[in-house]
Amino acid sequence: MKDLDPKIAASINGENGEAQKAGTRKCLMNRRQFLLSSGLTTTVVMVGIPGMSEAETPAVVSTYPRKLIGKLSELKQDEPVTFEYPDTGEYAESILVKLGTKAGGGIGPDGDVVGFNYTCTHQGGPLQGTYKAADKALGPCPLHLTTFDLTRHGIFIAGQAYQSLPQVLLELDGDDIYAVGMFGLIYGRFDNLQG
């Protein structure tokens, strides 16, 4: 073991070595040194040091199925169409609607066709049959009265929910409307694709 710096020894044992003589201080690190070294260690573990090799972690990519869910020419303003996506499992039922107003994530010539999951994000209440054409909203949820704005990516307007409705990502191919992904996590699932 290397010789201990006299200043460190003095801070550990006292200026005159009283603690060492009494046998009460056998530790080579004081509280301040411990906190500084543990802070440095935490930084190295959490952030890393430039030049150190980094672990190669592959990115997780979710590949959603591409599903035909409707035809643009068949949609009528404010008349919702029900479909299931991304699977046919629990909480998979969704709404496709032509709002007549430009909407966030909307497709079509007017950017007004959107899709959303029909399950309230608060406690999984069913939102089927609650579309309000005048407000372009879904709700209120029968459980706790949450209402969602379909023109603004399904953000909640009022009620107990604190997350937006999961939005179905849509793609237009000619006249065909395809569901191609989800923006947000479906209630009751830890992964939209596994249920």
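Given the structure is predicted, the values throughout are model-derived calculations rather than measurements. (Residues numbered from 1 in each chain as written. Predicted model: local features only at pLDDT ≥ 70, side-chain atom pairs only at ≥ 80, totals over all residues. Heavy atoms only, no water.)

## Examining the environment of Lys-67
Next, step 1: Relative to the helices and strands, Lys-67 is located in strand E1 (residues 67-71).
Next, step 2: Counting along the chain gives 113 residues from Lys-67 to Val-180, while the straight-line C-alpha distance between them is 6.7 Å.
Next, step 3: Contact partners of Lys-67, with chain neighbours within four places excluded, come to Glu-84, Tyr-85, Ile-177, Tyr-178 and Ala-179. (Helix = DSSP H or I, 4+ residues; strand = E, 2+ residues; numbered from the N terminus. Contact = heavy atoms within 4.5 Å.)

## Re the sheet that holds strand E9 (residues 167-173)
Next, step 1: Ordered in space as E1-E10-E9-E4-E3-E2, the six strands form an open sheet in which the pairing is antiparallel. The open sheet has two edge strands with one neighbour each: E1 and strand E2 (81-84). Geometrically, the sheet is characterised by an average inter-axis angle of 35° between neighbouring strands, direction not taken into account.
Next, step 2: As defined by bridge partners, E1 adjoins strand E10 (residues 176-183) across four bridges and the pair is classed as antiparallel. When the bridges of E10 are listed, Leu-68 appears paired with Tyr-178. (Pairing = 2+ DSSP bridges. Axes fitted to C-alpha atoms, helices over the stretch in contact; angles between N-to-C directions.)

## A closer look at the nonpolar core
Next, step 1: Grouped together as the largest cluster of nonpolar side chains are 16 residues, with contacts concentrated most on Leu-127, Leu-138 and Leu-150.
Next, step 2: When contributions to this core are tallied by element, the ones reaching two or more residues are strand E3 (93-98) and strand E4 (113-117).
Next, step 3: Ranked by size, the runner-up nonpolar core spans 14 residues in total, among them Leu-72, Ile-107, Ile-177 and Ala-179. (Core = buried A, V, L, I, M, F, W, Y, C linked by side-chain atoms within 4.5 Å. Buried < 20%, exposed > 50% of the residue type's maximum accessible area, 1.4 Å probe, protein only.)

## A look at the pattern of salt bridges
Next, step 1: This structure, assessed with the given rule, holds seven salt bridges.
Next, step 2: For Arg-66, the salt bridge is made with Asp-173, and the minimal N-O distance between the two is 3.5 Å. Of this pair, Arg-66 sits in the loop between helix H3 (31-46) and E1 while Asp-173 sits in strand E9, and the two are 107 residues apart along the sequence.
Next, step 3: You can call Arg-66 partly exposed: its relative accessible area is 44%. (Salt bridge = Lys/Arg side-chain N within 4 Å of Asp/Glu carboxyl O.)

## Structural notes on the sheet that holds strand E6 (residues 137-138)
Next, step 1: On the basis of which strands lie adjacent, the open sheet formed by four strands has the order E5-E6-E7-E8 and antiparallel pairing. Of all strands in the sheet, those bounded by a partner on one side alone are strand E5 (131-132) and strand E8 (155-158).
Next, step 2: Relative to strand E7 (residues 147-149), E6 runs antiparallel, the two being bridged by two bridges. Residue Ala-137 lies in a different strand from E7, and its bridge partner there is Asp-149.

## Comments concerning the pairing of E3
Each regular strand shows side chains that alternate between the opposite faces of the sheet.
Next, step 1: A large share of E3 lies buried, amounting to five of its six residues.
Next, step 2: Where E2 meets E3, four bridges bridge the pair, whose relative direction is antiparallel. Note on E3: the bridge partner recorded for Thr-82 is Ile-95.
Next, step 3: In this structure, E3 lies alongside E4, joined through five bridges in antiparallel fashion. In the strand pairing of E4, Val-97 is matched with Val-114.

## Examining unusual backbone geometry
Next, step 1: Going from Tyr-85 to Pro-86, the amide bond is cis rather than trans, its omega being 5°.
Next, step 2: By the secondary structure assignment, Pro-86 is in the loop between E2 and E3.
Next, step 3: A cis geometry characterises the amide bond from Gly-139 onward to Pro-140, with omega recorded as 10°.
Next, step 4: Note that Pro-140 resides in the loop between E6 and E7.
Next, step 5: Backbone geometry places Asp-78, a non-glycine residue, at a positive phi of 60°.
Next, step 6: Locating Asp-78 in the fold gives a position in the loop between E1 and E2.
Next, step 7: Positive phi values are uncommon outside glycine, yet Lys-136 reaches one of about 55°.
Next, step 8: In this fold, Lys-136 is placed in the loop between E5 and E6.

Geometry only, nothing functional implied.
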